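# Notes for the structure review
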Amino acid sequence: MSEILSIFTQLHADAGSRARTGIMELPHGKVRTPVFMPVGTSATVKAMTKDDLEEIGFEILLANTYHLYLRPGVDIVEEAGGLHGFSLWNKNFLTDSGGFQVFSLAPFRKITQQGVAFQSHIDGSRHFLTPESVVELQRRYNSDIQMQLDVCTGYGIPKKEAAEALRITSDWSNRAMAAWREARQQGYQGMLFPIVQGNFYEDLRQESAAFVAGLDAPGIAIGGLSVGEPHQVYTQMLAHTAALLPEDKPRYVMGIGTPDYILEAVENGIDMFDCVLPTRNARNGSYFTRDGSISIKNARFARDFGPIDSACRCKICRQYSRAYLRHLFKEQEILSSMLASYHNLAFLHQMMEEVWTAIEEDRFTEYKRNFLERYNGGGH
């Protein structure tokens, strides 16, 4: 099996940090890392067309197993030719397992050794997912990278509870890997990433990282971060966990999507990340700029005929003024969400291109420092 597991090639390691560049070889094309993946929960990135996403330069999107399972249902997605045929996005899809959505539905779910029972947030209908059934769902979606079903836990829980959640997650890792290997033998081309858990206990993280590394999966995800913990705790646990992972696998931290969190992850050798924040904030009138995020509803932009960010190369900054974008937002025009989402994703993609170059030239630490000094110093 080992020949199909080598999907990652490290290209260059930064001289002054653990940051690195690389290439992932996936069924729908190569993906350059480090990479930010826009979140397309229901097989669409909100307010963005697939052509917009290709124009910006994205090579992989994230879709959500849980949401697509409930609506429109796996049968329809499969009948359409999987996620790619259904959405017409012909590059890669990563699908998450639904573990985080189930975690966020705490009052409506019950976790057992066998799997997780939950009620739909849409209509209250009852469902039961197992590690095996989640692998099968994602196979039918034709995911390029799928995630195992895991137990995500919140910040501040007792160690005994965290250890029990990790025990179940580790058992589910084994079961998911077995189901995935069987799917591979039947012709499925997608990859599976197991997930490191352990809450905010360093010894549990160490135990989980060692276990997951021993599974010889194509890549490894770090779960259970950015779930409400203080930023300092996040950075400490990220650094601790990332250092325990093998060099020859792509490393994915779930749920981070602001420049400070992304740059912290890259510095620790993380290759992949995703978050809904860039597009969610965009719909609420918040734009990324080199000088921090700005709220376009602010009255001082009413007569500001300059671009959102004069250093940004995206077509929104080349064509539209802050005054016009404020007008669209105040009028609740649909175009406001479209233009803001395009800009925020293009801003992050442009930042990742700069990160790539900085790593290749052994100056990532300097780039991070300069970027954040300006970004954190100028927010509005």
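Below you will find a few notes about this structure. (Residues numbered from 1 in each chain as written. Predicted model: local features only at pLDDT ≥ 70, side-chain atom pairs only at ≥ 80, totals over all residues. Heavy atoms only, no water.)

So, about the overall build of the protein chain. Within the protein chain, the secondary structure is distributed over 16 helices and 17 strands. In terms of overall size, the protein chain behaves like a compact globule, its C-alpha atoms giving a radius of gyration of 20 Å where 380 residues would be expected to give roughly 21 Å. For the protein chain, the spread of C-alpha atoms along the three principal axes comes to 60 × 50 × 40 Å. Across the 380 residues in the protein chain, those meeting the buried criterion constitute 56%. For the protein chain, the share of sequence-separated contacts (at least 6 apart) that also reach a separation of at least 24 residues comes to 68%. As presented, the protein chain carries roughly 15,500 Å² of accessible surface, and 48% of it is formed by carbon and sulfur atoms. Taking the average place of the 38 positive charges on the side chains of the protein chain and the average place of its 45 negative ones, the gap between the two points comes to 5 Å. (Helix = DSSP H or I, 4+ residues; strand = E, 2+ residues; numbered from the N terminus. Rg over C-alpha atoms; globule rule 2.2 N^0.38 Å. Buried < 20%, exposed > 50% of the residue type's maximum accessible area, 1.4 Å probe, protein only. Contact = heavy atoms within 4.5 Å. Areas by Shrake-Rupley, 256 points an atom, 1.4 Å probe, with all protein chains shown as cover. Lys, Arg positive; Asp, Glu negative; His and termini not counted. Charge placed at Lys NZ, Arg CZ, Asp CG, Glu CD.)

Here strand β5 (residues 60–64) lies mainly inside the structure; 5 of its 5 residues are buried. With 5 bridges connecting them, β5 and strand β6 (residues 92–96) associate as parallel partners. Pairing of Leu61 across the sheet is with Phe93, part of β6. (Pairing = 2+ DSSP bridges.)

Moving on to the pattern of salt bridges. Following the criterion strictly, the structure yields 23 salt bridges and no others. Between Arg20 and Glu247 there is a salt bridge, and its shortest N-O distance comes to 3.8 Å. One end of the pair, Arg20, is in strand β2 (residues 20–26); the other, Glu247, is in the loop between α10 (231–242) and β14 (251–253), and 227 residues separate them in sequence. Classification of Arg20 by relative accessible area gives buried; the value is 2%. The salt bridge partner of Arg140 is Glu78, with a shortest N-O separation of 2.9 Å. Placement of the pair is Arg140 in helix α7 (residues 131–141) and Glu78 in helix α4 (residues 74–79), with a sequence separation of 62 residues. Using a relative accessible area of 32% as the deciding quantity, one classes Glu78 as partly exposed. Residues participating in the shared-partner salt-bridge network are Arg18, Arg20, Glu247, Arg251 and Asp271. (Salt bridge = Lys/Arg side-chain N within 4 Å of Asp/Glu carboxyl O.)

Here α10 crosses helix α11 (residues 259–267) at 20°, and the two axes come no closer than 10 Å. When the axes of α10 and α11 are compared, the pair comes out roughly parallel. Handedness of the α10/α11 crossing: right-handed. Between α10 and α11, the residues in contact are His231, Tyr234, Thr235 and Leu238 and Tyr261, Glu264 and Ala265, respectively. (Axes fitted to C-alpha atoms, helices over the stretch in contact; angles between N-to-C directions. Parallel < 35°, antiparallel > 145°, perpendicular 65-115°, else oblique. Left-handed = near helix turned anticlockwise from the far one by under 90°.)

Of all hydrophobic cores here, the largest spans 87 residues; its most connected members are Phe36, Val266 and Phe273. By residue number, the principal contributor to this core is helix α15 (residues 334–360), which donates 12 residues. Ignoring any residue separated from it by four or fewer positions in sequence, one finds Phe273 in contact with Pro34, Val35, Phe36, Met37, Tyr252, Val253, Ile256, Ile262, Ala265, Val266 and Met352. (Core = buried A, V, L, I, M, F, W, Y, C linked by side-chain atoms within 4.5 Å.)

The next thing to look at is unusual backbone geometry. For the peptide bond that leads from Thr33 to Pro34, omega is 5°, which places it in the cis range. Structurally, Pro34 can be placed in the loop between β3 (29–33) and β4 (35–38). Cis geometry marks the peptide bond from Arg71 to Pro72, where omega comes out at 15°. On the secondary structure map, Pro72 appears in the loop between α3 (65–70) and α4. Here Ala43, not a glycine, exhibits a phi torsion of approximately 65°, which is positive. Relative to the helices and strands, Ala43 resides in the loop between β4 and α2 (50–56).

Before going further, it helps to spend a moment on the packing of aromatic side chains. Applying the stated criterion across every chain, the model contains 8 aromatic pairs. With centroids separated by 5.8 Å and ring planes inclined at 35°, the aromatic side chains of Tyr367 and Phe371 adopt a geometry described as tilted. With Tyr367 and Phe371 both in helix α16 (residues 364–377) and 4 residues apart, this pair spans about one turn of that helix. By relative accessible area, which is 6% here, Phe371 ends up buried. Among the aromatic residues, ring-to-ring pairing joins Phe288, Phe347, Tyr367, Phe371 and Tyr375 into one connected group. Sitting over the face of the ring of Trp356, Arg32 holds its NZ or CZ atom 4.0 Å from the ring centroid. (Phe/Tyr/Trp six-rings, centres within 6.5 Å; stacked < 30°, edge-to-face > 60°. Lys NZ or Arg CZ within 6 Å of the ring centre and 35° of its normal.)

A separate point is the sheet that holds β6. Across the sheet, which stays open at both edges, the 4 strands sit in the order β5-β6-β10-β11 with parallel pairing between neighbours. A single partner strand is all that each edge strand has here, and the edge strands are β5 and β11 (191–193). The sheet shows a mean angle of 25° between the axes of neighbouring strands, taken without regard to direction. Most of the contacts of α7 go to strand β10 (residues 145–147), to which it runs at about 160°, and overall it touches β6 and β10. Helix α8 (residues 159–185) contacts β10 and β11 of the sheet and is inclined by roughly 175° relative to β11.

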